[in-house]
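# Examination of the molecular architecture
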Amino acid sequence: LYFCRISGLGIQSDDNLQRMMVGSMMRKVKSRTWKKQRHFRLQEDGLTVGYKSSWARKIHSAFSLCDVEAVREGHQSEILLSIADEFPPDRCFTLVFRGRRGNLDLVAETAAEAQAWIHGIRTLLENIENMGESEKLDQWICDWFHKGDKNKDGRMNFKEVRKLLKMMNMDMNEEHALLLFTTADKSQTDSLNNEEFVQFYKMLTEREEVVGLFQEYSSDGEKLSVCDLEDFLREEQLESENSQQRASELIDRYEPSDGAKTLPAMSIDGFLMYLCSSEGSIFNLEHKGIYQDMTLPLCHYFICSSHNTYLLEDQLRGQSSVEGYIQALKRGCRCVEVDCWDGANGEPVVYHGHTLTSKILFKDVVATVGNYAFKVSEHPVILSLENHCGIDQQRVMAMHLSSILGDKLLKAPLNGRTPYDLPSPEELKGKIILKWKKIGGITDNLDAAEEDVSDEDETDKDNFSSEDQNHGNKKSKQSLCAELSDLVVYCKSVHFRSFEHSRIHSKPIEVSSFSEFKARKYLKEAGTEFVRHNARQLTRVYPTGMRTDSSNFCPQEMWNIGCQIVALNVQTAGMEMDLNDGFFRQNGSCGYILKPDFLRKPESNFDPERPQDFEGYHPQRLLIRVISGQQLPKLSKKEGSIVDPLVKVEIYGVPQDQAKQETRHIDNNGFNPIWNETLEFAIHTPDLAIVRFVVEDYDKASRNDFVGQYALPFKSIQPGYRHIHLLSKDGTSIPPSSLFVHIGITEAS
């Protein structure tokens, strides 16, 4: 029955996987007091783990190993550390999921049982990672066969096929469904075995729009010769450079038939595999690596940034956790925030002060940042301190930073250079930079100075807090510790007075923080001045304290004026984080994006409110033909529920570029809807524009439901026939869900 998985993943020959398929009793741990026995078992598909209470007959929960990112052995989570006195590390392990889903902490009955699951899951994850395109297709077909075969007899009758079509998000009339079923039933047994199901699936997933395109360029209607494919690449994909060599390479890479390869030629199967591959994606492959100049001063880059990084939920009662730092750094954040307060036993703690959020140790945060800072990107990490500690615990902070981070912490200017100039991301590779107040004119024997320790310059950050209510929002003065101040080199936090004062007195190493409200006020009153300010030094913008639910503001308006550190609540999914993820997807996802030259010039005349007045104004026209969708995710688990999909295209950028258009909805077809509608947009400032595709399930009686999304910079779009591989609301992939589009980009008249 499970012809792909067992042969492809070697379940039968792996003792660990066999043990997982038998199943194990393990403790699922949520806290020191919540430890429940559950029976975990690898399902027959070789990719799903189901679990249930010991007394339950049926599995009530399950997860796919495709959603698992890593396995941590031992006490490598805060929850497992909290029960370290009860269970030894060799029985404990943690499953880390992709996106924002919480970890799963488990305790096995024996060390051997734990090792079987740890090594077994790692084997499966490695096999999943190494799957080729055809293997992924086989896996997809296996999934549907397994789901459709309700009585598990290795065959599917027509009743099961009808139910399967509903599960596949497709409402096909019974006559057509029976025709496909009868055609595939070569054995004439009124049921489909696995091989017949493959044929049924191929008929079901035939892409008429791709076949038509294939035949348009095929000389004989059967295959694409090198010349045919070269014509397609040159005329449709606008790939004229080395097009003959490129055509030969694509045939070699994607054509599944050895016979066609020897001609050489590409079949319809190879053509579809190319279009569905990363090379046929809307995102320019050249932008997946680092392609920008990384040797300019730090203030010339947008920097992927997190606000109140320690929080996993809301700002008032949510949990504080080092997992917040792990998740932010794994998402590519290069600036993370630490709110420090005096803690018990002389140890500083991190939490959202004057709220009910939980507390974690500062030293644990520092250790976590040190461990995860450079796993995704080798470019510098800025540790933004919001410090409320007294002198004694500031000294403890300085000690922890120096001893835990060691050489990773930047403690002195590079190469003896004056600290008044900002170095580049390239020069600062592998370094963690402290952003905090610094005592001016500091000497070795100076112990402390009276300074405002808080780094947030706007009173609305904590306007819900008890401190503000008691003191009428007046800022308290605290002493700065020389040892901690000495660790600040290139990011000295200063209070912003005015653009004129900044132009005359400020130094490039000085950083000012603005609430979103104050930044928005300045950009409306003096947009060009704000642009010039950001060309000289770093600016940080953070969400207003009114956002107690950890919602986000749109980062685009801050990027439009060149603000580098636009800090978002990374834990909160939504349009704002979609834009952030999409924007920083370019340049190797390194967390640094080079600003356009008009945002880097100190005397720039660019104003995002009036881009047409800018001397470098070159508007473009974007034409998007939304052709079709493929295997869109099913939203409701109800058997008869099928989505009615529509596609929205949203443009974010300078105010004149902000636009939204949408297609009509298609009734009852989330499997292979066809729209064939063209949407047109004017792009006034291409360097700043971001395009977001959203698929929704139309509902005439209420708000449409979200189905999938994908966002990317306008400058990273590849023209021609392209697939858009959709992501979930959480930003994780949902293969094989996609949109098929044609992109045209021309100069605006």
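Residues numbered from 1 in each chain as written. Predicted model: local features only at pLDDT ≥ 70, side-chain atom pairs only at ≥ 80, totals over all residues. Heavy atoms only, no water.

### Things to note about the overall build of the protein
Under the convention used in this document: Strands here are runs of E lasting at least two residues and helices are runs of H or I lasting at least four, both read from the DSSP assignment and numbered beginning at the N terminus. For this measure, only C-alpha atoms enter the radius of gyration; the expected value for a globule follows 2.2 Å times N^0.38, where N is the number of residues. For every residue, the accessible area obtained with a 1.4 Å probe (protein chains only) is divided by the maximum for its type, and the residue is called buried under 20%, exposed over 50%, and partly exposed between those limits. Residue contacts follow a heavy-atom distance rule, with two residues in contact if any of their heavy atoms lie within 4.5 Å. Reported accessibility uses the Shrake-Rupley method at a 1.4 Å probe radius. Residues are deemed covered only where the shown protein chains occlude them. His residues and chain termini do not enter the charge count, which takes Lys and Arg as positive and Asp and Glu as negative. All charge positions are set by atom: Lys at NZ, Arg at CZ, Asp at CG, Glu at CD.
Counting its regular elements, the protein contains 23 helices and 32 strands. Relative to its length of 749 residues, the protein is compact, with a C-alpha radius of gyration of 28 Å against a globular reference of 27 Å. For the C-alpha atoms alone, the extent of the protein along its principal axes is close to 90 × 70 × 55 Å. For the protein, the residues scored as buried account for 55% of the 749 residues in total. For the protein, contacts bridging at least 24 residues in sequence account for 68% of all contacts bridging at least 6. Approximately 31,500 Å² of the protein is accessible, and the part contributed by carbon and sulfur atoms is 47%. Within the protein, the 112 negative side-chain charges are centred at a point lying 5 Å from the centre of the 88 positive side-chain charges.

### Observations regarding the UniProt feature "binding site: Ca(2+) 3" (unreviewed entry) in the protein
Let me state the cut-off plainly: UniProt positions are given in the numbering used here, feature names are shortened, and annotations may be inferred rather than shown by experiment.
Annotation from UniProt places "binding site: Ca(2+) 3" (unreviewed entry) at N308, E337, D339 and E386. For this annotated set, covering 79 residues, all C-alpha atoms fall within 9.3 Å of each other, a compact arrangement in space. Residue position: N308 is located in the loop between β12 (301-306) and α14 (323-330). Residue N308 is classed as buried on the basis of its relative accessible area, which comes to 0%. Tracing the backbone through its elements, the reader meets E386 in strand β16 (residues 381-387). For E386, a relative accessible area of 1% puts it in the buried group.

### Quick look at helix α6 (residues 158-167)
Because an α-helix completes one turn every 3.6 residues, residues spaced three or four positions apart along the sequence face the same direction. For clarity, the cut-off: The reported arc concerns the directions from the helix axis to the C-beta atoms and nothing else. Distance and chemistry together define a polar contact, namely a pair of N or O atoms within 3.5 Å, with one atom able to donate a hydrogen and the other to accept it when in protein, and with adjacent residues in sequence counting only for side-chain atoms on both sides.
By the burial criterion, the buried members of α6 are F158, E160, V161, L164 and L165. Down the axis of α6, the sector holding all buried residues measures 150°, keeping them to one side. The opening residue of α6 is N157, an N-cap whose side-chain oxygen sits 3.2 Å from the backbone nitrogen of K159.

### Considering the side chain of H75
Checked against the element boundaries, H75 lands in the loop between β5 (68-73) and α3 (78-82). For H75, a relative accessible area of 17% corresponds to the buried category. Separated by 2.9 Å, the side chain of H75 and the backbone oxygen of F87 make a polar contact. For H75, the residues in contact, after removing those within four places along its chain, are L80, L81, A84, F87, P88, P89 and C92.

### What to know about the pairing of strand β3 (residues 48-53)
The test is simple: Pairing between strands is defined by DSSP: at least two bridges between them are needed.
Burial analysis of β3 places five of its six residues in the buried class, the great majority of the element. When strand β2 (residues 35-42) meets β3, the two strands line up antiparallel, connected through five bridges. Looking at the pairing, R38 lines up with S53 of β3. Hairpin geometry of β2 and β3 is characterised by an intervening segment of five residues between the two adjacent antiparallel strands and by a positive phi of about 75° at G46. Note that β3 and strand β4 (residues 61-64) share four bridges and pair antiparallel. Looking at the pairing, T48 lines up with S64 of β4.

### Here's the deal with the packing of aromatic side chains
So the rule is basically this: Ring pairs shown here join Phe, Tyr and Trp side chains whose ring centres sit within 6.5 Å, with only the six-membered ring taken for Trp; geometry is labelled stacked below 30 degrees between planes, edge-to-face above 60, and tilted in between. Ring-over charges, as used throughout, are those where CZ of Arg or NZ of Lys falls within 6 Å of the ring centre and within 35 degrees of the ring normal.
This structure, assessed with the given rule, holds 30 aromatic pairs. Measuring from ring centre to ring centre gives 6.4 Å for Y51 and F63, while their planes differ by 50°; the resulting arrangement is tilted. Linking Y51 in strand β3 with F63 in strand β4, this pair joins segments that are 12 residues apart in sequence. Accessibility assignment for this pair places Y51 and F63 in one class, buried. Here a set of aromatic residues connected by ring pairs shows up, and it is made of F214, Y217, F232, F271, Y721 and F740. Looking at K359, its charged tip hangs above the ring of Y351, at a distance of 4.8 Å from the centre. In this arrangement the basic side chain of K375 is found over the ring face of Y372, its NZ or CZ atom lying 5.5 Å from the centre.

### A closer look at the pattern of salt bridges
Let me state the cut-off plainly: We define a salt bridge as a contact between a side-chain nitrogen of Lys or Arg and a carboxyl oxygen of Asp or Glu at a distance within 4 Å.
A full pass over the atoms with the stated rule returns 38 salt bridges. Among the salt bridges present, the one from E109 reaches R27, with a minimum N-O distance of 3.6 Å. In this pair, E109 is assigned in the loop between β7 (104-108) and α4 (111-129) and R27 in strand β1 (residues 24-29), connecting sequence segments 82 residues apart. Given a relative accessible area of 22%, R27 falls into the partly exposed group. The salt bridge involving R234 is made with D231; its shortest N-O contact spans 2.7 Å. Here the residue R234 and the residue D231 both occupy positions in helix α10 (residues 226-235), the gap between them amounting to three residues, near one helical turn. The partly exposed category is assigned to R234, whose relative accessible area is 34%. D231 gets classed as partly exposed once you look at its relative accessible area, which sits at 26%. Counted as one network, the salt bridges with shared partners bring together E239, R246, R253, E279 and R722.

### Digging into the confidence of the model for the protein
The condition is simple: The predictor attaches a confidence to each residue, called pLDDT, with possible values from 0 through 100.
Of all residues in the protein, 92% have pLDDT values of 70 or greater, and the mean over the chain is 90. In this model residues 1-8 is a low-confidence stretch, pLDDT under 50, and it forms 22 contacts with partners more than four residues away in sequence or in other chains. Here residues 441-454 is modelled with pLDDT under 50, and outside its nearest four sequence neighbours on either side it reaches 41 contacts, counting other chains as well.

### Overview of the packing of α14 against helix α15 (residues 362-372)
To keep it simple, the criterion reads: All axes here are fitted lines through C-alpha atoms, helices being fitted over the stretch that makes contact, and every angle between N-to-C directions spans 0 to 180 degrees. Each angle is binned into one of four classes, with values under 35 degrees roughly parallel, values over 145 roughly antiparallel, values of 65 to 115 roughly perpendicular, and all other values oblique. Crossings are classed by handedness, with left-handed meaning an anticlockwise turn of the near helix from the far one by less than a right angle and right-handed meaning a clockwise turn. Under the grouping applied here, Gly and all other residues not named as nonpolar or charged are polar, the nonpolar ones being Ala, Val, Leu, Ile, Met, Phe, Trp, Tyr, Cys and Pro and the charged ones Asp, Glu, Lys and Arg.
At a minimum axis separation of 9 Å, α14 and α15 run at an interaxial angle of 25°. Of the possible angle classes, the one that applies to α14 and α15 is roughly parallel. At the point where α14 passes α15, the crossing takes the right-handed sense. Between α14 and α15, the contacting residues are Y325, I326 and L329 on the first element and V365, T368, V369 and Y372 on the second. Classifying every residue of the contact of α14 with α15 gives six nonpolar, one polar and no charged.

### Quick word on the UniProt feature "binding site: Ca(2+) 4" (unreviewed entry) in the protein
In the numbering adopted here, UniProt assigns the feature "binding site: Ca(2+) 4" (unreviewed entry) to I642, D644 and N668. Across 27 residues, the annotated set stays spatially compact, with a maximum C-alpha separation of 6.7 Å. The residue I642 is located in the loop between β25 (620-630) and β26 (645-652) in this model. Setting aside residues no more than four positions away along its own chain, I642 makes contact with K166, N169, M170, D171, K634, N668, N669 and G670. Its relative accessible area of 17% is what places D644 among the buried residues. Filtering out sequence-adjacent residues up to four positions away, D644 remains in contact with H665, I666, D667, N668, E696, D697 and Y698.

### Comments concerning helix α16 (residues 391-405)
Heads up, the condition is: One less than the residue count of a helix, multiplied by 1.5 Å, gives the span that helix is expected to have.
The end-to-end C-alpha distance of α16 is 21 Å, a good match for the 21 Å that 15 residues give at a rise of 1.5 Å each. What α16 keeps buried is the set Q393, Q394, V396, M397, A398, H400, L401 and L405. Immediately downstream of α16, the backbone of G406 shows phi near 55°, a positive value.

### Here we look at the packing of α6 against helix α7 (residues 174-184)
One way to put it is that α6 packs onto α7 with a least axis distance of 11 Å and a crossing angle of 120°. The orientation of α6 with respect to α7, classified from their angle, is oblique. Considering the relative orientation of α6 and α7, their crossing is right-handed. Contact residues: α6 offers F158, V161, R162 and L165, while α7 offers E174, A177, L178 and F181. Across the contact of α6 with α7, the residue classes tally to six nonpolar, no polar and two charged.

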